[in-house]
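Remarks on the overall topology
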Amino acid sequence: MNNKPKIGVYVCHCGINISHTVDVEAVAEFASQLPNVRVAREYSYMCSDPGQALIREDIKNEGLNRVVVASCSPRMHELTFRKTLAEAGLNPYYLEMANIREHCSWVHGDREKATAKAKRLVAAAAVKARLLEPLQEKEVDVEPASLIIGAGIAGIQAALDIAEAGFKVYLVEKTPSVGGRMSQLDKTFPTLDCSACILTPKMVDVASHPNIELLTYSQVEDVSGYVGNFDVKVRKKARYVDMDKCTGCGVCAQECRLTGRIPSEFDEGMGKRAAIYLPFPQAVPAKYTIDPERCLMLTRGKCGKSPKCVDACGTGAINFEQEDEIVEFKVGSIIVATGFDVFDASRKPEYGYNDYENVITGLELERLVSASGPTGGDILIGKGDDAYVPKDIAFIKCVGSRDKSVGNEYCSRVCCMYTAKLAHLLTEKIPDANVRVYYMDVRAFGKGFEEFYDRVRREGVRYIRGNPSEVFKRGDKLVVKAENTLTSTPVEDEVDLVVLAVGLEPRRDAREIIDILRLSQSGDRFYMEAHPKLAPVDTATDGVFLAGCAQGPKDIPDTVAQAKGAASSALVLLSSGKVKVQAQVSHINEDTCRGCGYCVEICPYSAIELVTVNQFGHEALVARVNDALCKGCGACVAGCFSGSAQQKSFMDGQILPQIAALGVMR
Ligand SMILES: Cc1cc2nc3c(=O)[nH]c(=O)nc-3n(C[C@H](O)[C@H](O)[C@H](O)COP(=O)(O)OP(=O)(O)OC[C@H]3O[C@@H](n4cnc5c(N)ncnc54)[C@H](O)[C@@H]3O)c2cc1C
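Residues numbered from 1 in each chain as written. Predicted model: local features only at pLDDT ≥ 70, side-chain atom pairs only at ≥ 80, totals over all residues.

Some remarks on the overall build of the chain
Helix and strand counts for the chain come out as 18 helices and 34 strands. Seen through its C-alpha atoms, the chain measures out along the principal axes to roughly 90 × 70 × 40 Å. For the chain, the residues scored as buried account for 45% of the 666 residues in total. Sequence-distant contacts, at least 24 apart, represent 70% of the contacts inside the chain between residues at least 6 apart. (Helix = DSSP H or I, 4+ residues; strand = E, 2+ residues; numbered from the N terminus. Buried ≥ 20, exposed ≤ 12 C-beta atoms within 10 Å, placed from the backbone. Contact = placed C-beta atoms within 7 Å.)

Pasting the structure below:
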């Protein structure tokens, strides 16, 4: 091809997103006068089929060999336009985009100045376009297996979908059992299905599916590699119980010296367990685990004359010598389904959560109403002979949600409905109870939600609009202090039980996975999706997807839907068998590299290594980039002292003239 630049410039209106603030006709007219520009056009939506057809036709008819699209962010449509170029037979990397939407029309109000800036951006893009070089995309094979981190309902659903499609799944769960938060729930809104009844069959399925390798009580320690070829290292923590020998009979727990003395995590600390335990009756796998921080043998090396659990176990399953095991495997895709934590109610001290035993959270009430809970489903507050059935019950909504004072501006999306559900269950269990709900708004947005909210009110639950300022004790009663904002009257409501509808938060250990997979967090600190609308299950790391509450608060139907979305994205990758890797990678000039190794240190993708080469007749250490691992972030280029590292399409010789062109226009 005659490589004398022949540039086509295409200025997009983006409906009125750009044209409202930028005079697109003037920008196109200006572009047509720029050196090497053969054709310049404006069009309402360049990304539409007719818009792309314009570009394709000009490439063919006008012999264009460079294209500048002045529109939105390259994050949005760079791939679209690269494809357009490829379809017209041009190397897709002969494309340069000028972002005149996010960088111009959306951030400026003055039409004249915005138009002037758009012209400068287009002129600079045209200068760079002249200097672009063709790049070749490489393809690598995809390992036909998937890693799923977290076995709540999101991880379980994604695992089943991928396994059913015939691919191997490694499902890694941190705790001794799969099930996540859903296993702690009694009934589920708005249909009041029994949570265990719909979840347990799926828990059993993941454990027995021939394509799923379940790694419970395990944690991902390291992930290296790249899309299609991730190397994973998982630590299987010692349970001190031989899984093959344990029959789950439970005699060990009955005999344990600490039986009934350790707060059960599953029962939110309201029930007690032994040091050797099954988290809950339907746990999968139904195998016991010894708590290394509580067991007397493991903490003190001694438990009476001999550990009673060992004496009681008929199969000899208990093994205090057991050690953590490292399991390594390769996968092509990863789904992060690590879920959420509930808001720590003690961060709202005005509600007395730490002070009064009859101030509890919604999740604690879930365990109280559950037949498998610490009271067998009876609503009893207090212990032993002092335990009583509460009659006056107040819910306080939005505890830790929509609350800037605790750093959570977002709505947790499930509290309105789980409050309605729990209020309904209380009126069912305590027919003469007076239940009221203090609320700011009621968000009953999902299928069947509004109807359920209506039903609960018809059943006698009172909704009082007002955000309580305080809960304090007066005699035997708790007082909820609020203002009824509908009647503008102050309220001091005497009750026996306060239930705090705590919101959902990112997990407190969320950082672990961020560090391992280089994920980003959005403003609410949940893991960030690649695009909130168009790529809601993808992440910025290719081949890594999100499912469930790890990405943001959601109810079970939305969690399952997103898990299915993540599974299908993973399957597209696995079933295609090949994946294209980034072409705009970094390249190191081995003749000038001094082998200082700084780029190796700062590369966030571990894509660079030092190798020994013959440099002008001498052995020398130089840095070399693994193209498959490089993400083209440019960190090495910025850090390189000798200027030997350069990123393709962003070389000094391309970017500096582009910047200079911006300056000339000033
Ligand atoms: C009080 C309350 C009541 C609710 N009631 C309802 C209801 O009635 N109906 C409804 O639709 N929704 C309800 N919800 C919401 C429901 O709980 C969630 O939609 C659902 O649990 C989300 O599932 P998940 O798999 O995304 O997360 P989770 O259930 O949190 O599961 C995540 C799993 O990942 C594991 N994990 C975390 N980190 C790691 C790691 N690093 N490595 C390995 N494993 C890890 C966790 O141990 C856990 O098993 C309620 C929520 C609350 C708080």
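A look at helix H7 (residues 195-208)
Along its 14 residues, H7 runs 20 Å from first to last C-alpha, staying within 8% of the 20 Å computed at 1.5 Å per residue. For H7, the set of buried residues is Ser195, Ala196, Leu199, Met203 and Val206. Down the axis, H7 shows its buried residues gathered within 95° of arc, on one side only. The outward face of H7, more than 90 degrees from its buried face, is lined by the exposed residues Cys197, Pro201 and Ser208. Elements in contact with the buried residues of H7: helix H6 (153-164), strand S7 (168-172), strand S8 (187-188), strand S9 (193-194) and strand S10 (212-215). (Expected span 1.5 Å × (residues − 1). Arc of directions from axis to C-beta.)

Considering the site of the ligand
Close to the ligand lie 38 residues, the nearest being Gly150, Gly152, Gly180, Gly339 and Gly548. Breaking the shell around the ligand down by element, the ones donating at least two residues are H6, strand S19 (340-342), helix H11 (362-369), helix H12 (415-429), helix H14 (510-517) and helix H15 (556-576). Its residues assigned to classes, the shell around the ligand comprises 17 nonpolar, 12 polar and 9 charged. When residues of the shell around the ligand are assigned to domains, at least three fall in each of domain 2 (147-232 + 332-339 + 509-578) and domain 4 (342-505). (Near = placed C-beta within 6 Å. Nonpolar A, V, L, I, M, F, W, Y, C, P; charged D, E, K, R; others polar. Domains from an automatic or database assignment.)

What about the sheet that holds strand S24 (residues 470-474)?
Here 3 strands make up an open sheet; going across it, the order is S24-S25-S26 and the pairing antiparallel. In this open sheet, the two edge strands, each paired with only one partner strand, are S24 and strand S26 (489-495). For this sheet, the mean angle separating the axes of adjacent strands, direction not counted, is 30°. Both S24 and strand S25 (residues 477-484) contribute to a ladder of 5 bridges, which runs antiparallel. Opposite Lys473, over in S25, you have Leu478 as the bridge partner. (Pairing = 2+ DSSP bridges. Axes fitted to C-alpha atoms, helices over the stretch in contact; angles between N-to-C directions.)

With respect to the nonpolar core
Ala158, Ala159, Leu171, Val498, Leu500 and Ala547 are the most contacted members of the largest nonpolar core, which has 135 residues in total. Considering every element that reaches this core, the biggest residue donor is H12, with 9 residues. Sequence-distant contacts of Ala547, that is, excluding residues within four places in its chain, are made with Ala154, Gly155, Ala158, Ile335, Ala337, Val537, Gln562, Ala563 and Ala566. Ranked by size, the runner-up nonpolar core spans 45 residues in total, among them Leu34, Ile55, Val122 and Ala124. (Core = buried A, V, L, I, M, F, W, Y, C linked by C-beta atoms within 7 Å.)

A look at the packing of H11 against H12
The contact between H11 and H12 brings their axes to 11 Å, and the two run at 35°. When the axes of H11 and H12 are compared, the crossing they make is left-handed. For the pair formed by H11 and H12, the contact residues are Gly362, Leu365 and Val369 on the first element and Cys415, Tyr418, Thr419, Leu422, Leu425 and Lys429 on the second. When the residues that make up the contact of H11 with H12 are grouped by side-chain class, the tally is 6 nonpolar, 2 polar and 1 charged. (Left-handed = near helix turned anticlockwise from the far one by under 90°.)

Concerning helix H5 (residues 111-131)
With 21 residues, H5 should cover 30 Å at 1.5 Å per step; its first-to-last C-alpha distance of 31 Å lies within 8% of that length. With 15 of 21 residues buried, H5 is to be regarded as a mostly interior element.

Considerations on the pairing of S26
Pairing analysis gives 7 bridges linking S25 to S26, with the strands arranged antiparallel. The partner of Val480 across the bridge, within S26, is Asp493. Once S25 ends, the chain turns through 4 residues before running back antiparallel as S26, passing Ser488 with a positive phi of about 55°.

Examining the domain arrangement of the chain
According to the domain assignment, the chain consists of domain 1 (7-135), domain 2 (147-232 + 332-339 + 509-578), domain 3 (251-312), domain 4 (342-505) and domain 5 (586-648). Computed over C-alpha atoms, the centres of domain 4 and domain 5 are 59 Å apart.

Focus: the environment of Gly460
Inspection of the secondary structure puts Gly460 in the loop between helix H13 (449-458) and strand S23 (462-465). Its 13 C-beta neighbours within 10 Å are what place Gly460 among the partly exposed residues. C-alpha separation for the pair Gly460 and Leu517, spaced 57 residues apart in sequence, amounts to 49 Å.

Description of the sheet that holds strand S11 (residues 218-226)
Strand order in this open sheet of 3 strands is S11-S12-S17, and the pairing throughout is antiparallel. In the strand order of this sheet, the two ends are held by S11 and strand S17 (325-331), each with one partner. With strand direction ignored, the average angle separating the axes of adjacent strands in the sheet is 20°. Across 8 bridges, the pairing between S11 and strand S12 (residues 229-236) is antiparallel.

Considering the packing of H6 against H15
Running from N to C, H6 and H15 cross one another at 40°; their axes reach a closest spacing of 8 Å. As summarised for this structure, H6 and H15 are arranged oblique, according to the angle between their axes. Between H6 and H15 the crossing geometry is right-handed. Taking contact as the criterion, the partners of Ile153, Ala154, Gln157, Ala158, Asp161 and Ile162 in H6 are, on H15, Ile556, Thr559, Val560, Gln562, Ala563, Lys564, Ala566, Ala567, Ala570 and Leu571. Of the residues assigned to the contact of H6 with H15, the class counts are 11 nonpolar, 3 polar and 2 charged. (Parallel < 35°, antiparallel > 145°, perpendicular 65-115°, else oblique.)

Regarding the pairing of S7
Across the 5 residues that make up S7, a large majority, 4, are buried. Relative to S7, strand S6 (residues 145-149) runs parallel, the two sharing 5 bridges. Across the sheet, residue Ile149 finds its bridge partner in S7, namely Val172. Handedness of the crossover joining S6 and S7 through H6: right-handed. Pairing analysis gives 4 bridges linking S7 to S10, with the strands arranged parallel. Considered in S10, the bridge of Val169 is made with Ile212. (Right-handed = clockwise from strand over helix to strand, strands pointing away.)

Let's talk about unusual backbone geometry
In the segment running from Phe189 into Pro190, the intervening peptide bond is cis, with an omega of -10°. Looking at where Pro190 falls in the secondary structure, it is placed in the loop between S8 and S9. A cis amide bond links Val284 with the next residue in sequence, Pro285, at an omega value of 5°. Backbone geometry places Arg525, a non-glycine residue, at a positive phi of 80°. Considering the arrangement of structural elements, one finds Arg525 in the loop between H14 and strand S29 (544-546).

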